[in-house]
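# Examining the three-dimensional arrangement
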Amino acid sequence: MSTLPDVSTHVVAGARWRAGEIAFWIVVAACGFLFPSRYLIMTEIVRLALFALSLDLILGYAGIVSLGHAAFFGVGAYSAGLLALHGIISEPVVALVVAGLAAMVLGFFTSFLVIRGVDLTRLMVTLGIALLLEALAERFSDITGGTDGLQGIEMQPILGRFAFDIFGQTGFYYSLIVLFLLFVLARRIVHSPFGLSLRAIRNNPLRAAAIGIPVNRRLVAIYTVSAFYAGVAGALFTQTTALASLDVFSFERSADLMLMLVIGGTGYLYGGLIGAVVFKMLQELFSTITPQYWLFWIGLVLVVIVLVGRARIHRWALWLPNLIIRQFTGRRAVVMVPESDPS
Amino acid sequence: MTSLFTILFDGVAYGMLLFVLACGLAVTLGLMNFVNLAHGAFAMAGGYICAVLVNNSGWPFFAALPLAFVGSGAIGVVLERTLYRHLYARSHLDQVLFSIGLVFMSIAAVDYTMGSSRVFIKLPAALEGQFDVFGVGIGRYRLMIIVICGLLTVALQLILARTRFGSRLRAAVDDPRAAIGLGINVPQVFAFTFAFGCGLAGLGGALSAEILGLDPYFPLKFMIYFLIVVTVGGSSSITGPFLASLLLGIGDVAGKYYVPKMGPFVIYTIMIVILIWRPNGLFGRTAAR
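The structure presented is a predicted model; accordingly, all values stated were derived computationally and were not measured.

## Some remarks on the overall build of chain B
When helices and strands are counted, chain B shows 11 helices and 2 strands. Mapped in sequence order, the helices and strands of chain B form the string α-α-α-α-β-β-α-α-α-α-α-α-α. The C-alpha atoms of chain B give 19 Å as radius of gyration, which agrees with the globular expectation for 289 residues (19 Å, within 12%). Its C-alpha atoms put chain B at 60 × 45 × 35 Å along the principal axes.

Dropping the structure here:
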């Protein structure tokens, strides 16, 4: 019993907001004022960041490799689109939550399939579920609009007051607030004892089970939460672009997501956010150089990252910031390389 | 009744083709435990080599097929020696990311050099059309595929079971450390097997241009099919993937014929159910590796 206070002080100390984190969010908020002509692309980044955050919850904290996370994104996107199109729930915030819950229900039921078996089976099952949903969406084209997608979605003002404008200003702040709230929630989750137990499972499921952690129930829980996040990201996609088409389920979306998270690093929540920014900038850069063949460069980035080694790249990227911080404060950097990568 | 036999025949041809395409992956993924999502890229390479030789250089189709095998095998051995071998010991996540990167690069590279539209290979006149056997329409091209792939399967089985190389490979896969101790050059065996599997994929790619269609997105479109063959078939022998390919081929053709609207739905559902029921595959070993 004597170790309990130590554990709780450790957890509380880890959960404290650091100066670097607060600075990060201030910079993010400032972007809205600094680049008023870039709302659309910044909205996309925010959306991708939320999506990457949801993958980080299962990949970085629970070690589940998923190739089909677009399934939940797609369910969220179509739910939000259908709710708005048929005027069932016209208020965007409520629709957002409902769409997230729809993805969450799917996540809950598919989690039982995913937690069975080893990595390879998980890859196949997650990929299969995304493909299955894509095939379903194509099959029931009278509901989903098939390859044309849902058309004619008209969004009502948020909370009845803030209407979506053509420059995407409302959409940007709306997405950013959603991202921030969900980020704070995710931060709370991963720094709770529940989050600690997830990390134990990631590092060694057998040992975690031996010290009394209900492994399967924890995995089901975090997978369900992650599905909710992905669903909300999908719903944001539909609400801010007034569009939902079959490609929300596509494999490329899941693969891009992986790339984002890998660029940013897994297991410390900010990885998805940073990765989304870098990914989007890379994509813009490559598509201005070679509009048609940017896929090649994205592929090259992936290959290089893996060959050089993810941990090593993050050490290089953090060398300069760490040096500066050490000069000023005389202690170690705020953002560090996550302890260990899931295998 | 006749349509039933035609479906069966087409399904078997399709399944045999899938087997030749995927059996290299059965070794890398099933035996060496390397998640290689880029296997389809080697098949695509073979298909394009064959297409260029036949359409642009005027080679006869049957002379271009071995070249497709050799070409893909050569690309395979180069990539294995330079890139893949560094990743054998890495996590599955790294392997997935790496091979997705390769797939993306191959798609863009082929799109850049060959154009994005579908490529057709000019077939010799002898392979076109079909003839009737007891009222069942038999396509000549599909019959040739069944013959070639059938012979290959028998040859593979013999190589694995009867030759010295086969026993070396099985030893290297079962226990690499013990195999090294016995003086078997394990990396060499793996490299050769990898290249051979890529070569087979290239041959399959050349043969499948007519049936599956050949365009830059080939590796992504059929990735899931290759993975299904290997995961459903299990990894204990090549019989498992072979039966799984036949099952998949017949199931897919029959599904498209009888319930065209459901599309690939049937296949994915069957795959998920089988994987939930037997995570190690239908014909897999019982112990987890």
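## Quick word on the overall build of chain A
On a plain count of helices and strands, chain A comes out with 15 helices and 0 strands. Taken along the three principal axes of its C-alpha coordinates, chain A extends 60 × 45 × 40 Å. The buried share among the 343 residues of chain A stands at 45%. Of the contacts made within chain A by residues no fewer than 6 positions apart, 75% connect residues no fewer than 24 positions apart.

## Focus on the interface of chain A and chain B
The interface is formed by 36 residues belonging to chain A together with 38 residues belonging to chain B. Those elements that place two or more of their residues in the side of chain A that touches chain B are α6 (119–139), α12 (251–264) and α14 (294–308) of chain A. If you tally residues by element for the side of chain A that touches chain B, the top one is α6 of chain A, at 14 residues. When the residues that make up the side of chain A that touches chain B are grouped by side-chain class, the tally is 26 nonpolar, 5 polar and 5 charged.

## What about the environment of Gln 327 of chain A?
Looking at the element boundaries, Gln 327 of chain A is found in helix α15 (residues 310–329). On a C-alpha basis, the gap between Gln 327 of chain A and Met 281 of chain A in space is 30 Å, while along the polypeptide they are 46 residues apart.

## A closer look at the packing of helix α3 (residues 39–62) of chain A against α12 of chain A
All names here are of chain A. Where α3 contacts α12, the axes come no closer than 9 Å and their chain directions differ by 80°. Comparing the axis directions of α3 and α12 gives the class roughly perpendicular. Of α12, the residues touching α3 (which contributes Leu 48, Phe 51, Ala 52, Leu 55, Asp 56 and Leu 59) are Leu 257, Met 260 and Leu 261. Looking at the contact of α3 with α12 residue by residue, the classes come out as 8 nonpolar, no polar and 1 charged.

## Examining the confidence of the model for chain B
Close reading of the predicted structure is inappropriate where its pLDDT is low. All names here are of chain B. Counting all residues, the mean pLDDT for chain B is 86, and 96% of those residues have values of 70 or more. Summarising per-element confidence for chain B, the mean pLDDT is lowest in strand β1 (residues 130–133) (74) and highest in helix α3 (residues 61–82) (93). Scored as a whole, the predicted complex attains pTM 0.87, and scored at its interfaces, ipTM 0.83.

## Observations regarding helix α4 (residues 70–85) of chain A
All names here are of chain A. Between its terminal C-alpha atoms α4 stretches 22 Å, which fits the 22 Å expected from 16 residues at 1.5 Å a residue. The buried fraction of α4 is high, at 15 of 16 residues. Looking one or two places after α4, you find Gly 87, whose phi comes out positive at around 65°.

## Observations concerning unusual backbone geometry
Residue and element names in this part refer to chain A. For Ala 242, which is not glycine, the phi torsion reads 55° and is therefore positive. Among the secondary structure elements, Ala 242 is positioned in the loop between α11 (215–241) and α12. Of note, the phi angle at Leu 269 is positive, near 70°, even though the residue is not glycine. Considering the arrangement of structural elements, one finds Leu 269 in the loop between α12 and α13 (270–289). Accessibility expressed as a C-beta count within 10 Å gives 23 for Leu 269, which makes it buried.

## Concerning the packing of α3 of chain A against α13 of chain A
All names here are of chain A. At a closest axis distance of 7 Å, the pairing of α3 and α13 adopts a crossing angle of 135°. Taken together, the axis directions place α3 and α13 in an arrangement best described as oblique. Crossing of α3 over α13 shows right-handed handedness. Residue-level inspection shows Ile 41, Glu 44, Ile 45, Leu 48, Ala 49, Ala 52, Leu 53, Leu 55, Asp 56 and Gly 60 of α3 in contact with α13, the latter providing Gly 271, Gly 272, Leu 273, Gly 275, Ala 276, Val 277, Phe 279 and Lys 280. Class assignment for the residues of the contact of α3 with α13 results in 11 nonpolar, 4 polar and 3 charged.

## Observations regarding the confidence of the model for chain A
The predicted model of chain A averages 85 in pLDDT, with 94% of residues at 70 or higher. Between residues 337–343 of chain A, whose pLDDT stays under 50, and residues either more than four places distant or in other chains, the model counts 21 contacts.

## Topic: α3 of chain B
Residue and element names in this part refer to chain B. Its 22 residues place the ends of α3 32 Å apart at the C-alpha level, agreeing with the 32 Å of an ideal helix rising 1.5 Å per residue. Taken residue by residue, α3 has Ala 64, Leu 65, Ala 68, Phe 69, Gly 71, Ser 72, Gly 73, Ile 75, Gly 76 and Glu 80 as its buried positions. On its buried face, α3 sits against α2 (39–56) and α8 (186–208).

## Re the environment of Leu 176 of chain A
By secondary structure assignment, the location of Leu 176 of chain A is in helix α8 (residues 169–190). The sequence separation of Leu 176 of chain A and Arg 47 of chain A amounts to 129 residues, and the corresponding C-alpha distance is 8.3 Å.

The rules behind the values
Residues numbered from 1 in each chain as written. Chains lettered and ligands numbered in written order. Predicted model: local features only at pLDDT ≥ 70, side-chain atom pairs only at ≥ 80, totals over all residues. Helix = DSSP H or I, 4+ residues; strand = E, 2+ residues; numbered from the N terminus. Rg over C-alpha atoms; globule rule 2.2 N^0.38 Å. Buried ≥ 20, exposed ≤ 12 C-beta atoms within 10 Å, placed from the backbone. Contact = placed C-beta atoms within 7 Å. Nonpolar A, V, L, I, M, F, W, Y, C, P; charged D, E, K, R; others polar. Axes fitted to C-alpha atoms, helices over the stretch in contact; angles between N-to-C directions. Parallel < 35°, antiparallel > 145°, perpendicular 65-115°, else oblique. pLDDT = per-residue confidence, 0-100. Expected span 1.5 Å × (residues − 1). Left-handed = near helix turned anticlockwise from the far one by under 90°.

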